[in-house]
Each structure stands twice: as structure tokens, then as C-alpha cells.
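# Observations on the three-dimensional arrangement
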Amino acid sequence: MNLLEKLDAAAAARKAMLPNGVGAFGVPIEEVYSATEARIGDRRVILLGTNNYLGLTFAPECIRAAHDAIDKEGTGTTGSRMANGSYSGHRALEREFADFYQCSSAIVFTTGYQANLGTISGLVGPGDTVLIDGDSHASIYDGCILSGADIIRFKHNDPSDMEKRLRRLGSRIETTLIIAEGIYSMLGDQAPLTEIVRIKNQYGCILLLDEAHSLGVLGETGQGLVEKTGLLKEVDFITGTFSKSLCSIGGFCVSDHPQLDQLRYVSHPYIFTASPSPATIASTRAALELLRKGSHLRKQLWDNCTQLYAQLQETGYELGPDPGPVIAAILDTPQQALLMWNSLLEHNIYVNLILPPAAPEGKSLVRCSVNAAHTPEQIKYVGDTFAKLYPVVTS
Amino acid sequence: MSENYNEIMQLLCDRLSSMTNTGVQVTAETNLISQLSIDSIKLLSLIMEIEDTFDVSIPINALADVQTVRQLADLVHKIKYTSE
């Protein structure tokens, strides 16, 4: 089989899973009306498949900041920070992240994906070990592969399994990096951080926590799981993204370790890519300010999350273990999930379809991402529609 | 071949037979993907089981060159008995 035939085979497998040309992946969105509504085809739909957790995509402060930055600095930086230099906005955003996390330093990356790629591949290398949760995001896996370190998985959210695998490493423990996530993107469950920190301290390892889905969502000021658990100072490196609660694109790493700054000189995903555009940096800075004082947004978000989670649970859906902004209905077969996804779209609700092998344990998911801007009426309509479809989909 | 190696090979063949249920008789030369249709998720679960059974750490990046049961047995044997 040649290279192109391999792609043909993959396309045939995808077509078999998604018959009739169903375009569940990469749905064309024609117009976006607000943080919660858009047009797909001729339908005005409720957006329940975005990670716009605080609902800030149309925040006037962010839009104005982006406009001003374009007027002052143009549309793009046209190169990497290493070669072309750092704009004042890049440096300011790094100071603001360091301040937000009460850390000595921060690095901004061009995407959240690159934040994990760049941080992991900068911290570990061949001969070192990464111990990662089995349900880790692809950016973590890819960062580990890029690093050349040995990759060992532990069972998802199972600290005792993690400790068992750590203990086996023997003298290699001192060059082991443990990686976990604040909220896991598939089922929306949270890492058992207290236990993970206890074990990493006992064995003397370094811990990296990815707060991509928990930034803005957990903790009084929205720092994430580190704030909710009071363990900010116990986590060595925190990564995250701008593309969820901060409504732009980019990523970051913060740490109290002075060695963080050295990543700028060894991390290819930081060095060999164009830096974030002025508009992106400006809107992110404005969003970070809103996030920090956004306890009212977090309250709205959690009211919506708990309402929808309770309604789906009451209906009988199998859900992830923790209520939160990611609410995944777990279905037994891809056919059920596809039927559910299509039926929801026919009822003007757009969610995410997750099929094997992307979903854990071979399951299929219909994943909702709730945000603070959803109205109680929208949430109720979504819950009622899920209830109406339950007997159809599960029969 | 050593007793230890044979033990690993036997365990892998038994486990793969019960996991895959394809009717294919699993031998040392059986290809994990083309003959047993072991996908990446199943392979990673199997690796965790093997790690626990033999009390070893098997880096998943070491699996890139593994296609047959024999190659998997070689890898487990090498990690278990040459790294101690």
C-alpha cells in the first residue's frame, strides 16, 4: 500500500463510520450570532459544542482591545520571537500570567497545543521518563513523543496505579515528569490532584498540570484545579490555553522554577513558529482581566452546568463522573452517537460527536460544552430535547 | 530459548487469543494488526496488563517497531531480564 492508498483506506474507514456523507467533523458554521448561537446551513442553532466557557467571544472589552492592537501594530508579527523580537504585548501578557499564578515566570506560546509540546519537550529528553494519565490530550502525547523520553501511562485518574508505575522506575524516578490535567476533555472529570501531589512529593518528581479546560472554570479567581484544591505551590509547571475561557488562541506555561525561562532557548515549538498576533495578545489580555474578576461568570457557568448535568442524569444518560462545563453523554455504539448527534442538530442544537478511538474505552460520546452565556431557557430546551430523544436513541 | 522467554510467549499467546476472538490461532509469528486487528487502544491496555504481570515498565514509544507476537515477547524479555 503506497502513501496515498493508506489515506484512501483511512477515508474509507471514516466513511463507513459516518454514512450518507454526514459532516459531523468540521461542520461548516455559516454565521456566528453570539456566544451561544450560530447558523449551520439554514438552521439557527444553540452552540453547545464550543469551549467558550465564560462566554467572552463577543465581550466588548476584548473586541475593542483587538481592534486597537491591529490599528497600532498591524495584523501579524510575521516571525518568531527568537528571530524577530518580542512585542510589548507578549511580554506584558507573560507578566500578567505570572502575577495571576503568583509565579516568578511565564512563557506565552502561539497555541495551547504548542504550550504542551514546547514545555514537555523542553523539560524531558531521551533517557528521561514521562508518566502520563492514560486519557491525556493528544498535545501531551505528542509533546512526549517529540521529547524522545520514555512514555509510561497510568490508568486514568488512578493515583494508586500511578504510584505503582512510578515505584517500578527505581533510580529513574529523579528524571521523571508526571503529567495530569485539571479537567479531562472527553468526560469532563477532574484529576485527583491532592493524591497526585502527595505521591509526587513522596517520590521527589516534577509535576506538570494542564489547566486547559479548568482555567477560568475552577477556583475563586479561575486559576483552575490548583486553586480549587489549594495546591498552587505544589505543582511545578502549569500549562494552559487561550482558546477556551480566554476566547482567542495561544497557550502558556507558568512556574516558580527559574529554569522555565531556559525553555525559550531549547524548545522548538517556541522557537520555530511565528509569535501570536497583536490582536490575539490584546484580546487575551483583556479576557484574562475579565476572567480574574469573573466570579459572577463562573457562578452562571456552574448554575448552567449543574442544571444540565442533573437533567441528563435524571433522564437516564450515562455521564462522566463530575458535573462541569464538559458534559458527555456516553453511548454504547457509534451508531447511537451518530443518531443522537443528527437528531440534536435537527432540533437546532450543535454538540460534539466523539467516536472511537478518540473516546475512552471504545465508547462513543455526544459531548456538550456549557458556557456562562447560555440562558436558563436554552439549557432547559437542551435538557428537554435530550430527554425526548433518549428512548429513540437507546432503543 | 529460556524458560522465562517461553513463559512470556505463552502468556502473550493466551491473552491475545482471549482478547481478540478472531478465530486465528495465535503463534509467535502472528501479526498483531493485520491478523488480530489489535488497535492502539487494545494494545495499550495489553501493555498495562503485561507491565503488571511481569512488574516492568514498558515505554509505549518502544512499541513502534512491534508488529508480531515474537517482537512483543522479545521486548518484554529484554526489559525484564536485561535491565535488572
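Position numbers for residues count from 1 along each chain, tracking the sequence in the order it is written. A letter from A marks each chain and a number from 1 marks each ligand, given out in the order of writing. For a predicted model such as this one, the threshold for reporting local features is a pLDDT of at least 70, and the threshold for listing and counting side-chain atom pairs is 80 or more; totals across whole chains, interfaces and linings nevertheless cover every residue. The side-chain numbers reported here are obtained from all heavy atoms of the structure, hydrogens and water having been left aside.

Right, let's get into the overall build of chain B. Numbering of helices and strands runs from the N terminus, with a helix taken as a DSSP run of H or I at least four residues long and a strand as a DSSP run of E at least two residues long. Looking only at helices and strands, one finds 3 helices and 0 strands in chain B. Overall, chain B shows an N-to-C arrangement of helices and strands of α-α-α. The size measure is the radius of gyration over C-alpha atoms, and the globule rule it meets is 2.2 Å times the number of residues to the 0.38 power. Taking 12 Å as the expected radius of gyration for a compact globule of 84 residues, we find that chain B reaches 12 Å, a close match to that expectation. Based on the C-alpha atoms only, the size of chain B along its principal axes is roughly 35 × 25 × 20 Å.

Angle between the axes and distance between the axes are the two parameters that describe a pair of packed helices. All names here are of chain A. Two elements in contact, helix α2 (residues 60-73) and helix α12 (residues 278-292), have axes whose closest approach is 7 Å; the angle formed by their N-to-C orientations is 150 degrees. Considering the angle they form, α2 stands roughly antiparallel to α12. Relative to α12, α2 is oriented so that their crossing is right-handed. When α2 is examined against α12, the residues Glu61, Cys62, Ala65, Ala66, Ala69, Ile70 and Glu73 are found in contact with a partner set consisting of Pro278, Ala279, Ala282, Ser283, Ala286, Ala287 and Leu290. Each axis is a line fitted through C-alpha atoms, and for a helix only the stretch in contact is used; angles between axes span 0 to 180 degrees, taken between their N-to-C directions. Throughout, the term roughly parallel applies to angles under 35 degrees, roughly antiparallel to angles over 145, roughly perpendicular to angles from 65 to 115, and oblique to all others. By the definition used in this description, the sense in which the near helix is turned from the far one sets the handedness, with an anticlockwise turn below a right angle giving left-handed and a clockwise turn giving right-handed. Any two residues whose heavy atoms approach within 4.5 Å at even a single point are treated as in contact.

Right, let's talk about the confidence of the model for chain B for a bit. Confidence in the prediction of chain B, expressed as mean pLDDT, is 87, and 96% of residues score 70 or more. As a per-residue measure, pLDDT reflects the predictor's confidence and takes values from 0 up to 100. Within chain B, helix α2 (residues 40-54) of chain B has the poorest average pLDDT of any element, 87, and helix α3 (residues 69-82) of chain B the best, 92.

Strands belonging to one sheet form pairs held by backbone hydrogen bonds; the direction of such a pair is parallel or antiparallel. Residue and element names in this part refer to chain A. Following DSSP output, two strands are said to pair if at least two bridges run between them. One open sheet accounts for 4 strands, arranged β1-β2-β3-β13; its pairing is mixed. One side of each edge strand has no neighbouring strand; the edge strands of this open sheet are β1 (31-32) and β13 (349-350). One ladder, built from 4 bridges, connects strand β2 (residues 37-40) with strand β3 (residues 43-47); its direction is antiparallel. When the bridges of β3 are listed, Glu37 appears paired with Ile46.

Now for the nonpolar core. Here, nonpolar core refers to any group of buried Ala, Val, Leu, Ile, Met, Phe, Trp, Tyr and Cys residues whose side-chain atoms link them within 4.5 Å. In this scheme, a residue with accessible area under 20% of its type's maximum is buried, one over 50% is exposed, and one in between is partly exposed, where area comes from a 1.4 Å probe on protein chains only. Core analysis: the largest hydrophobic core is formed by 94 residues, its most contacted members being A:Phe97, A:Tyr101, A:Leu193, A:Leu308, A:Met340 and A:Phe386. Looking at which element gives the most residues to this core, the answer is α12(A), with 7 residues. As used throughout, domain bounds are those supplied by an automatic or database domain assignment. The residue makeup of this core includes at least three contributed by each of domain 1 (3-54 + 295-394) and domain 2 (60-292) of chain A. Among all residues touching A:Leu308, those that are not within four sequence positions of it are A:Leu48, A:Ile327, A:Cys368, A:Val370, A:Ile379, A:Val382 and A:Gly383. The next biggest cluster of nonpolar side chains, apart from the first, holds 50 residues, and it includes A:Phe109, B:Leu43, B:Leu44 and B:Val66.

Let us look at the sheet that holds strand β15 (residues 364-369) of chain A. Residue and element names in this part refer to chain A. Read across the open sheet, the 4 strands follow the order β11-β12-β15-β14; overall the sheet is antiparallel. Both outer strands of the open sheet, β11 (318-319) and β14 (352-354), are each paired with one neighbouring strand and no more. Here β11 runs beside strand β12 (residues 326-331); their pairing, made up of 2 bridges, is antiparallel. Directly across from Glu318, in β12, lies its bridge partner Ile330. Against the sheet, helix α14 (residues 334-346) engages β12, β14 and β15, with an angle of about 30 degrees to β15.

Moving on to the pattern of salt bridges. The term salt bridge refers to a side-chain nitrogen of Lys or Arg lying within 4 Å of a carboxyl oxygen of Asp or Glu. Overall, the coordinates contain 25 salt bridges over all chains when judged by the stated rule. Put simply, A:Arg292 and A:Asp99 hold a salt bridge, and the shortest N to O gap is 2.9 Å. In this pair, A:Arg292 is assigned in helix α12 and A:Asp99 in helix α4 (residues 88-100), connecting sequence segments 193 residues apart. A cluster of three or more residues bridged by salt bridges with shared partners is formed by A:Asp161, A:Lys164, A:Arg165, A:Arg168, B:Glu51, B:Asp52 and B:Asp55.

So, about the domain arrangement of chain A. All names here are of chain A. Partitioning chain A into structural domains gives domain 1 (3-54 + 295-394) and domain 2 (60-292). For domain 1 versus domain 2, the distance between C-alpha centres works out to 26 Å. Each partner contributes to the interface: domain 1 provides 21 residues, whereas domain 2 provides 22 residues. The junction of domain 1 with domain 2 conceals about 1700 Å² of combined surface from both sides, 58% of it contributed by carbon and sulfur atoms. Between the two partners, domain 1 and domain 2, sit 0 salt bridges. The term buried area refers to how much accessible surface (probe radius 1.4 Å) is lost by two components on association, counted for both of them together.

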